[in-house]
Amino acid sequence: VSQSENELTPTMIGRNEMGTQRERLNKILRRKTVEYALLTGRYDGLISLVQRMLDDSLRRAPWKGDTNPLKGHCYVASEAIYHLIPGMRPQFVRHEGAPHWYLVDPRGAVVDATAGQFENPVPYGDGKGKGFLTKKPSKRAQVLIERVTS
């Protein structure tokens, strides 16, 4: 039995080509995740994607080097999602001795990509609407948006 010329097997595709194809597929999936959140108002996939793109380079002191992967990312994560999903409202609350940023969507649902950093539930009822420091995405938010969408 001979294989059709159009059929490719993993052994016929070079590692570089497989890596390139995988990256193209990952890029499509990332964009579809953002589109899905826009269309449905369901943010779990987008939050998970944002969390995977966070790293120490996006943190500021005093959170740089913290072993908790979500700690110190609330502002940049919220800001990036704010610019990706129209209609979000930034919110601020002090919790467990530190400032915490999150979003509220147009339906009033809390969207908090970094809530998992805390030992106790965030008191969202105490939150106050507060704008970000810049109208356009900050440099850190631009980096995160680029990671999420490309």
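Above this note sits the structure.
Residues numbered from 1 in each chain as written. Predicted model: local features only at pLDDT ≥ 70, side-chain atom pairs only at ≥ 80, totals over all residues. Heavy atoms only, no water.

1. Quick word on the environment of Arg30
This is how the line gets drawn: To qualify as a helix, a DSSP run of H or I must reach at least 4 residues; to qualify as a strand, a run of E must reach at least 2; elements of each kind are numbered from the N terminus. The contact criterion used is simple: two residues touch if any of their non-hydrogen atoms lie within 4.5 Å.
Locating Arg30 in the fold gives a position in helix α1 (residues 15-40). Discounting chain neighbours no more than four positions away, the residues touching Arg30 are Glu23, Leu49, Met53, Arg147, Val148 and Ser150.

2. A closer look at unusual backbone geometry
Our working definition: Each residue is placed in one exposure class: buried if its accessible area under a 1.4 Å probe, protein chains only, is under 20% of its type's maximum, exposed if it is over 50%, and partly exposed if it falls in between.
In this model, Ala61 is joined to Pro62 through a cis peptide bond whose omega is 5°. Mapped onto the elements, Pro62 comes out in the loop between α2 (44-53) and α3 (74-84). With a phi close to 50°, Glu96 is a non-glycine residue in the positive phi region. In this fold, Glu96 is placed in the loop between β1 (89-95) and β2 (98-104). Residue class for Glu96 comes out partly exposed when judged on its relative accessible area of 40%.

3. As for α2
Selection criterion: The arc refers to the directions leading from the helix axis to the C-beta atoms.
Of all the positions in α2, only Leu46, Ile47, Leu49, Val50 and Met53 are classed as buried. Looking straight down α2, one finds its buried side chains confined to an arc of 160°; they lie on one side. Pointing more than 90 degrees away from the buried face of α2 are the exposed residues Asp44 and Arg52.

4. Describing α3
Among the 11 residues that make up α3, 9 are buried, leaving the element largely enclosed by the rest of the structure. Taken together, the buried positions of α3 are Cys74, Tyr75, Val76, Ala77, Ser78, Glu79, Ala80, Ile81 and Leu84.

5. What to know about the environment of Lys71
In this structure, Lys71 sits in the loop between α2 and α3. Overall, Lys71 belongs to the partly exposed group, its relative accessible area being 29%. With 12 residues separating them in the primary sequence, Lys71 and Arg59 have C-alpha atoms 8.5 Å apart. Those residues within four positions of Lys71 in sequence are excluded, and the remaining contacts are Arg59, Trp63, Asp66 and Gln117.

6. A look at the nonpolar core
Heads up, the condition is: Joining through side-chain atoms within 4.5 Å is the link that ties buried Ala, Val, Leu, Ile, Met, Phe, Trp, Tyr and Cys residues into a set, and such a set is a nonpolar core.
Within the largest apolar cluster, 30 residues are counted, with the highest numbers of intra-cluster contacts made by Leu46, Val50, Ile81, Ile85, Leu144 and Val148. Put simply, the parts of the chain that give this core at least two residues each are α1, α2, α3, β2 and α4 (139-149). Looking at this core, the element that brings in the most residues is α3, giving 7 residues. Discounting chain neighbours no more than four positions away, the residues touching Leu144 are Val50, Met53, Leu54, Leu58, Val76, Ala77 and Ala80.

7. A word on the sheet that holds strand β3 (residues 110-111)
Note on sheets: strands pair through backbone hydrogen bonds, and any given pair is parallel or antiparallel. Counted only if it meets this: One bridge is not enough; two strands pair if DSSP finds at least two bridges between them.
Across the sheet, which stays open at both edges, the 4 strands sit in the order β3-β2-β1-β4 with antiparallel pairing between neighbours. The sheet is open, and its two borders are formed by β3 and β4 (128-129), each paired with just one other strand. Sheet analysis places β2 next to β3, joined by 2 bridges and oriented antiparallel. Opposite Val104, over in β3, you have Val110 as the bridge partner.

8. Here we look at the pattern of salt bridges
Using the following cut-off: When a carboxyl oxygen of Asp or Glu lies within 4 Å of a side-chain nitrogen of Lys or Arg, that pair is called a salt bridge.
Scanning the entire structure with this criterion turns up 5 salt bridges. Linking Arg59 and Asp56 is a salt bridge whose minimum nitrogen-to-oxygen distance equals 3.3 Å. Accessibility expressed as a relative area gives 5% for Arg59, which makes it buried.

9. Re the pairing of β2
Burial analysis of β2 places 6 of its 7 residues in the buried class, the great majority of the element. One ladder, built from 7 bridges, connects β1 with β2; its direction is antiparallel. The partner of Pro90 across the bridge, within β2, is Leu103. Hairpin connection from β2 to β3: 5 residues lie between these consecutive antiparallel strands, with Gly108 at a positive phi of about 95°.

Geometry only, nothing functional implied.
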